[in-house]
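Residue-level structure breakdown
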Amino acid sequence: MSPRPGGFLRDNAAWLGAGFLMTFLSSFGQTFFISIFSGEIRAAYGLSHGAWGGLYSLGTTVSAVVMIWAGALTDMFRVRVLGPVVLVGLALAAMAMALNAWLFLLPIIIFLLRLFGQGMSVHLALVAMTRWFTATRGKALSIASVGFSVGEALLPVIFVAAMVVLDWRILWVISAGMVLLGIPVLVRLLRQERTPQSLASEHSSTGMQRRHWTRKQALLSPLFWFMAPALLGPSAFITAFFFHQVHLAEIKGWQHIELVALFPIYTAVSLLAMFATGWALDKWGTARMMPYFLLPMAIGFALVSFVTGLVGASLALVFLALTVGANSTLPSAFWAEFYGTRHIGAIKAMATAVMVLGSAIGPGLTGVLIDHRVALDQQFLWIGAFFVAASALVWIGITRAARSF
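What comes next concerns the included structure. (Residues numbered from 1 in each chain as written. Predicted model: local features only at pLDDT ≥ 70, side-chain atom pairs only at ≥ 80, totals over all residues. Heavy atoms only, no water.)

Helix and strand counts for the chain come out as 19 helices and zero strands. For 405 residues, the compact-globule estimate of 2.2 N^0.38 gives 22 Å, and the chain sits close to it at 20 Å. Across its three principal directions, the C-alpha atoms of the chain cover 55 × 45 × 40 Å. For the chain, buried positions account for 60% of its 405 residues. (Helix = DSSP H or I, 4+ residues; strand = E, 2+ residues; numbered from the N terminus. Rg over C-alpha atoms; globule rule 2.2 N^0.38 Å. Buried < 20%, exposed > 50% of the residue type's maximum accessible area, 1.4 Å probe, protein only.)

Set out below in structure tokens:
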């Protein structure tokens, strides 16, 4: 591959474009998108903050369990085959959200949105980048993850503004249509797909002890469990932050649209952090970086707890975004570096399940605490402390594992 950035993009445009498309379309199953309808959903079904958070957590938890099996399919099928299936599932889930009138179906719809959106769309894209690229893995992961950032920057602002003139259910129909339009684009981009089989010898790298670890072996290694809080934490509490964005604006005395208008700042910083992290991990590897990438998030949540104005909120979002950007690339590269690439789909599926489980725990836990009169800004202070502890565990785990190289 060409060492020049322009040459890298040109030579790999189709594969990078496929990754970008999948992460962008995952937006419709991500909390930052679903949560902009929280007020309408709670009103339509008569739900409290805790009840809505509980249903959301239930659907997301089941999707985490299913991801353990579904994520391993990336070791067996091409993206060109799995991708359209995942997108059809996501489109059907979005359409179901638009048409559903029954409360008992709501957690099932959440399950489908989370499985095909947050779970499989992102997992498929990042596993493909991890497997298809070796020396430039960080760069590829960063570029593919831009799709998620673009969706995060544009879709909340556009759809919140559109709710002024369109019913929220109509907007879910539009979402389903956008996902369906992505299917032929994905198929065209991957008409000459790189596959694990065709590039196995050229793009294969071993992990600790110079071998390819299976998922069972990875789960039995202490390192995986030292990493678990770092996997769970960002997903749990960034999800909680966006899930309760309407409530956060209320208790801080901000207009919801004022808070949403700050999200492009968050996205811009996360993009810069993502590319900087991608460049750095290609140069230095993940071992030197993983113990510290959670610390900006600790600072960010502490700031959210104390600030009262939008300027302070902007600064808090900057710190949150630094970790979110790094989190887009570092963990995916970490699994390949420490456990090898042969079974990367199955191993990362387990890690993704932990991440999805975190996104189930965050909204449910914080929602119940809100219902029990524990203020959200007080919760954010304790969340900041959690990330300091998680960083210490990562440092211990990687220090011990580094002796295996």
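The next subject is helix H17 (residues 330-339). For H17, the tally of buried residues reaches nine of 10 residues, placing the bulk of the element in the interior. All buried positions along H17 are accounted for by Leu 330, Pro 331, Ser 332, Ala 333, Phe 334, Trp 335, Ala 336, Phe 338 and Tyr 339. In the segment just after H17, Gly 340 is the residue with positive phi, at about 85°.

This next bit is on a nonpolar patch on the surface. A cluster of nonpolar side chains, contributed by Tyr 292, Leu 295, Val 388, Leu 393, Trp 395 and Ile 396, occupies part of the molecular surface with about 540 Å² of accessible area. Per element, the largest residue contribution to the nonpolar patch is four residues, and it comes from helix H19 (residues 376-401). If you trace the backbone, Trp 395 turns up in helix H19. (Patch = residues over 30% accessible without salt bridge, like charges linked within 9 Å, V, L, I, M, F, W, Y side chains within 5 Å. Areas by Shrake-Rupley, 256 points an atom, 1.4 Å probe, with all protein chains shown as cover. Salt bridge = Lys/Arg side-chain N within 4 Å of Asp/Glu carboxyl O.)

Membership of the largest hydrophobic core comes to 130 residues, with the highest contact counts inside it found for Phe 37, Trp 172, Phe 301, Trp 335 and Tyr 339. Leave out the neighbours within four places in its chain, and Phe 301 touches Phe 237, Ile 238, Phe 241, Leu 320, Phe 380, Leu 381, Ile 383, Gly 384 and Phe 387. (Core = buried A, V, L, I, M, F, W, Y, C linked by side-chain atoms within 4.5 Å. Contact = heavy atoms within 4.5 Å.)

This brings us to the packing of aromatic side chains. Scanning the entire structure with this criterion turns up 23 aromatic pairs. Here Phe 37 and Trp 168 contribute two aromatic rings whose centre-to-centre distance is 6.4 Å and whose plane-to-plane angle is 45°, an arrangement assigned as tilted. Placement of the pair is Phe 37 in the loop between helix H3 (31-34) and helix H4 (38-45) and Trp 168 in helix H9 (residues 168-189), with a sequence separation of 131 residues. Trp 168 carries the same exposure label as Phe 37, and that label is buried. Pairwise contacts between aromatic rings join Phe 237, Phe 241, Phe 242, Phe 263, Tyr 266, Phe 301, Phe 380, Phe 386 and Phe 387 into one cluster. (Phe/Tyr/Trp six-rings, centres within 6.5 Å; stacked < 30°, edge-to-face > 60°.)

Attention now moves to unusual backbone geometry. Positive phi is not limited to glycine here, since Arg 373 has a value of about 65°. With relative accessibility at 81%, the residue Arg 373 sits in the exposed group.

The next thing to look at is the packing of helix H12 (residues 245-252) against H19. A pair of packed helices is characterised by two quantities: the angle between their axes and the separation of those axes. Between H12 and H19, the shortest axis-to-axis distance is 10 Å and the interhelical angle comes to 115°. Our classification of the angle between H12 and H19 gives roughly perpendicular. Contact residues: His 247, Leu 248, Ile 251 and Lys 252 in H12; Leu 376, Asp 377 and Phe 380 in H19. Of the residues belonging to the contact of H12 with H19, the class tally is four nonpolar, one polar and two charged. (Axes fitted to C-alpha atoms, helices over the stretch in contact; angles between N-to-C directions. Parallel < 35°, antiparallel > 145°, perpendicular 65-115°, else oblique. Nonpolar A, V, L, I, M, F, W, Y, C, P; charged D, E, K, R; others polar.)

Functional significance is not addressed by these values, which are geometric in nature.
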